[in-house]
Amino acid sequence: MNRTLSPLTAARLKSVSLVICIALLLSGCSSSSDSSAGGSTSEASGLQQVSLQLNWFPEAEHGGYYAADVHGYFADEGLEVTLLPGGPNVPVVQSVAAGRAAFAVTNADRVLFGHQAGAEVVALFAPIQNTPRCIMVHRESGISKLADLRDVTLAIGTGPAFFQYMQKHLPLTGVETIAYPGSIGPFLANKRFAQQAYIFSEPYVAKQQGADPVALMVSEIGYNPYASVLVASRKTLDTQSDLAQRIVRASARGWQKYLDDPAETNALIDSINPDMDAGALAFGAEQIRPLCDREAPSAPLGQMTAARWQTLIDQMVEIELVDADKVSAARVFDDRFIATTTTSP
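All of the points below concern the structure found in this document.

Some points on the overall build of the protein
Line of reasoning, step 1. What the protein contains, in helices and strands, is 14 helices and 10 strands.
Line of reasoning, step 2. For the protein, restricting intrachain contacts to residue pairs at least 6 apart in sequence, the fraction spanning at least 24 positions comes to 79%.

Some words on the sheet that holds strand β4 (residues 121-125)
Line of reasoning, step 1. Read across the sheet, five strands follow the order β2-β1-β3-β10-β4 without closing on themselves; strand pairing throughout is mixed. Strands at the two margins of the open sheet, each flanked by one partner only, are β2 (79-84) and β4. Averaged over all pairs of adjacent strands, the angle between their axes in this sheet comes to 30°, without regard to strand direction.
Line of reasoning, step 2. Examined bridge by bridge, strand β1 (residues 48-53) and strand β3 (residues 103-106) share two bridges and lie parallel to one another. When the sheet's bridge partners are listed, Leu 52 is paired in β3 with Phe 103.
Line of reasoning, step 3. Where helix α2 (residues 63-70) meets the sheet, its contacts fall on β1, β2, β3, β4 and β10 (229-233), and the angle it forms with β2 comes to roughly 140°.
Line of reasoning, step 4. Set on the sheet, helix α5 (residues 108-116) makes contact with β3, β4 and β10; between it and β3 the angle comes to about 120°.

Quick look at the sheet that holds strand β9 (residues 213-217)
Line of reasoning, step 1. Read across the open sheet, the five strands follow the order β7-β6-β8-β5-β9; overall the sheet is mixed. Edge positions in the open sheet fall to β7 (176-179) and β9, since each of these has one partner strand only. Averaged over neighbouring strand pairs, the angle between their axes works out to 35° when direction is ignored.
Line of reasoning, step 2. Direction of pairing for strand β5 (residues 133-138) relative to β9: antiparallel, over a ladder of five bridges. Its bridge partner lying in β9, Val 137 is registered against Val 214.

Quick look at the pairing of β5
Line of reasoning, step 1. β5 sits mainly inside the fold: six of its six residues count as buried.
Line of reasoning, step 2. Of the two faces of β5, the one lined by Arg 133, Ile 135 and Val 137 and the one lined by Cys 134, Met 136 and His 138 are each fully buried.
Line of reasoning, step 3. Strand direction decides the pairing type here: β5 and strand β8 (residues 193-198), joined by four bridges, are antiparallel. If you follow Met 136 over to β8, its bridge partner there is Gln 195.

A few points about unusual backbone geometry
Line of reasoning, step 1. Phi is positive for Asn 89, close to 75°, though the residue is something other than glycine.
Line of reasoning, step 2. Relative to the helices and strands, Asn 89 is located in the loop between β2 and α4 (92-97).

Comments concerning the side chain of Thr 236
Line of reasoning, step 1. Structurally, the position occupied by Thr 236 is in helix α9 (residues 234-239).
Line of reasoning, step 2. Here Thr 236 falls in the buried class, since its relative accessible area comes to 9%.
Line of reasoning, step 3. When residues no more than four places from it in sequence are discounted, the contact partners of Thr 236 are Ala 102, Phe 103 and Ser 241.

Topic: helix α12 (residues 278-291)
Line of reasoning, step 1. Compared with an ideal rise of 1.5 Å per residue, which puts 14 residues at 20 Å, α12 spans 20 Å between its outermost C-alpha atoms and is within 8% of the ideal.
Line of reasoning, step 2. Residues Ala 280, Leu 281, Phe 283, Gly 284, Ala 285, Ile 288 and Leu 291 constitute the buried set of α12.
Line of reasoning, step 3. Buried-residue contacts for α12 involve α8 (202-208), α10 (241-260) and α11 (263-272).
Line of reasoning, step 4. N-cap assignment for α12: the residue whose side-chain oxygen lies 3.1 Å from the backbone N of Gly 279 is Asp 277.

What counts, and at which threshold
- Residue numbering note: each chain is counted from 1, following its sequence as written.
- With the structure being a predicted model, the display of local features is reserved for residues of pLDDT at least 70 and the display and counting of side-chain atom pairs for 80 or more, all residues being used for whole-chain, interface and lining totals.
- The side-chain values count all of the structure's non-hydrogen atoms but skip hydrogen atoms and water molecules.
- Working definition: helices are DSSP H or I runs of at least four residues, strands are E runs of at least two. Numbering for both runs from the N terminus.
- Between two residues, a contact is recorded if the distance between any of their heavy atoms is within 4.5 Å.
- Here, any two strands with at least 2 DSSP bridges between them count as paired.
- Working convention: axes come from line fits to C-alpha atoms, limited for helices to the stretch in contact. Angles between N-to-C directions cover 0 to 180 degrees.
- Exposure categories follow from relative accessible area, calculated using a 1.4 Å probe and restricted to protein chains: below 20% of the type maximum is buried, above 50% is exposed, and the middle band is partly exposed.
- The span expected for a helix works out to 1.5 Å for each residue beyond the first.
- For the purposes of these results, a polar contact is taken to be a pair of N or O atoms within 3.5 Å, where, inside protein, one atom must be able to donate a hydrogen and its partner to accept one; residues adjacent in sequence count only when each atom of the pair is a side-chain atom.

Here it is, written out as structure tokens:
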């Protein structure tokens, strides 16, 4: 996962990732009753301690999970949840599969990569129904949809699945790809420059610095994995299904609260992530709201379908990133807890 990084984040990147990885390794060496495995109870609070590993530094895409903490929804379920910041190179799926974290947040295609590699994690709840992935171009380029992407320099990270799908389904005439630089500096300097982005992140930064960006959503071409997906290991589901049910229920309430009123949660995220500010978080919450719309308006928040998962599997088989005999829609998600949730705060 590649995002725009400020100089502050770039400077601390290696040390932060190292600290998180060491913490995960140490937790993996502790007993199964350690809080990271969701098994111990705090003597002070009487709440069951659980870890939730994020896939990036705290941002609006994690808003519902932080809202569940801020507004006491985790506590209502008897849980004391520690939200662990992520970042580049933090092994989110592997940490859950190995029991170093009880739950985690990742994207649907990462779940499939995990199964391909033998890490059987299961998606429980998918608040962001439509991928925030986009390609950011300048309005002056005249490009208004992905099919028209041509005659630009395109900055892309190393081997993302969505770009391999784009290469197979778009002409990309005259498009020269280069390594993603980790900032929007080159974009600001060149009107024929395009780059990967998240709808709630880079476009805001570009606008703040005087550009007029257009976000071309990757979902336009049908590649649309669920995002900010709550996952657990198969072992956790088999041995602690009640815990899984409680964290899904609290997360659903948190996400509904965040979509309705993100202000208090954004204030917390602002205080713990120096790369975020009130404006960026407000923009992020606004952009995320329509991405959470369900296919059927009456469907519960976070619902997943076998058809959507099978479509994603077929797409990743098509671009030869997973093997059909190693990944099954029936194994990658479990939505039984969503039906028991209530999203009213």
